[in-house]
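Chains, contacts and geometry: an overview
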Amino acid sequence: MPIIAIQGELGSFSHEAALRLFPEADILPCSISRLAFDALVSGKADAAVLPIENSLAGSVLEHYDLLLQHPVTIQREMFLRIEHNLIVYPGATLSQIRRVLSHPIALAQCTRFFVDHPSIQPTAAYDTAGSVKQLAAEKDPSVAAIAPARAAAEYGAQILLSNLEDNPQNYTRFLVVRRKNDSEAATPPEGANKASLAFTLPNQPGALVSALQIFASLGANLTRLESRPVLGQPWHYVFYTDYSFSNPSIADQALAQLSSLCPSVKELGRFPAAE
């Protein structure tokens, strides 16, 4: 039975994503993302399932940095529809609620609820599922949480309202990450047609254009491009890109040509694009 590391508490969206990908897995919850990577690299976990991008909130930038820093590779991606629920201690009513706990991003995605209920105070917490864990422990009917349905089942709480999110087109892209020396990660999985890369550029005019032209000349479809500061090097940047390809040789050529142009290049993984 595989052990899958996640960032966050049991009952979180990461927990939900991990079980959809690995239905028989033991889930290893980690309070911070770095601990999930440490568990993976040390062998305490067989894989990690981590959010990398939300369709409304954007990228989880810390995870890009951790992918670059550790000897890991992306093996798979999947999309999870994000559905926010108002969860309470069993028996509590809407009229009793004075505070709602959740992660700041979840609170920001449910602003319509707070506009409609001005007497209820949104309160930032470190984790969606952790908020449910807290209210279940405190047994306070005046405190609710916004969290996944799985959190209510995990901690014996009650769903009072469903689909609180302002925008129904709310999805999070999750990655399955494995150690590079893992036998299952030694070669790209069957059907791999997407790759993720990190690269730095020489400090000269047109360097980024030259790098992007490599993808265009090979017929690769660039699906994402984002820059991040290089840790410890002020005003230097690393570029993260995802691109799709029709033939594995395209990914080989892109990696080789970028390596001849860029001071540093790391392929973060090749994997089948999620549908």
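This paragraph deals with the packing of aromatic side chains. All told, the structure shown has 5 aromatic pairs when counted by the stated rule. Seen from their ring centres, F199 and F239 are 5.8 Å apart, and the 15 degrees between their planes marks the pair as stacked. Note that F199 is positioned in strand β12 (residues 194–199) and F239 in strand β14 (residues 237–244), a separation of 40 residues in sequence. For F239, a relative accessible area of 15% translates into the label buried. Clustering of aromatic rings is evident, with ring pairs tying together F215, Y243 and F245.

With that settled, consider the sheet that holds strand β6 (residues 85–88). With mixed pairing, 5 strands are arranged side by side in an open sheet as β8-β7-β9-β6-β10. What marks the edges here is a single partner per strand, and that holds for β8 (121–124) and β10 (158–161). Going from strand to strand, the sheet's axes swing by 35 degrees on average, the running direction of each strand aside. Across 4 bridges, the pairing between strand β7 (residues 99–102) and β8 is parallel. When the sheet's bridge partners are listed, S102 is paired in β8 with A124. Against the sheet, helix α6 (residues 128–138) contacts β6, β7 and β9 (143–147), and its axis sits at roughly 155 degrees relative to β9.

Turning to the environment of D166, a few remarks are in order. Within the element layout of this structure, D166 appears in the loop between β10 and β11 (171–179). When its relative accessible area of 27% is taken as the criterion, D166 is described as partly exposed. For D166, the residues in contact, after removing those within four places along its chain, are A108, Q109, C110, T111 and R112. Here the side chain of D166 touches T111 through a polar contact of 2.6 Å, side chain to side chain. Looking at D166, its side chain comes within polar contact range of the main-chain nitrogen of R112, at 3.0 Å.

The N-to-C vectors of helix α2 (residues 33–42) and helix α3 (residues 61–69) enclose an angle of 25 degrees; their axes lie 10 Å apart at closest approach. The angle between the axes of α2 and α3 places the two elements in the roughly parallel class. Helix-helix and strand crossings are classified by hand; for α2 and α3 the assignment is right-handed. Counting all contacts with α2, which are made through S33, R34 and F37, the residues of α3 involved are E62, H63, L66, L67 and Q69. Split into classes, the residues belonging to the contact of α2 with α3 amount to 3 nonpolar, 3 polar and 2 charged.

What follows concerns helix α9 (residues 248–261). With 14 residues, α9 extends 21 Å between its outermost C-alpha atoms, agreeing within 8% with the 20 Å of an ideal straight helix rising 1.5 Å per residue. Along α9, the residues classified as buried are I250, A251, A254 and L258. The buried residues of α9 all sit within an arc of 100 degrees when viewed along its axis, so they share a single face. In this structure, the buried side of α9 is in contact with β12, α8 (207–218), β14 and β15 (265–271). Here α9 starts with a cap whose side-chain oxygen sits 2.9 Å from the backbone nitrogen of S249, and that cap is N247.

About the cut-offs
Residues numbered from 1 in each chain as written. Predicted model: local features only at pLDDT ≥ 70, side-chain atom pairs only at ≥ 80, totals over all residues. Heavy atoms only, no water. Phe/Tyr/Trp six-rings, centres within 6.5 Å; stacked < 30°, edge-to-face > 60°. Helix = DSSP H or I, 4+ residues; strand = E, 2+ residues; numbered from the N terminus. Buried < 20%, exposed > 50% of the residue type's maximum accessible area, 1.4 Å probe, protein only. Pairing = 2+ DSSP bridges. Axes fitted to C-alpha atoms, helices over the stretch in contact; angles between N-to-C directions. Contact = heavy atoms within 4.5 Å. Polar contact = N/O pair within 3.5 Å; in protein donor to acceptor, adjacent residues only side chain to side chain. Parallel < 35°, antiparallel > 145°, perpendicular 65-115°, else oblique. Left-handed = near helix turned anticlockwise from the far one by under 90°. Nonpolar A, V, L, I, M, F, W, Y, C, P; charged D, E, K, R; others polar. Expected span 1.5 Å × (residues − 1). Arc of directions from axis to C-beta.

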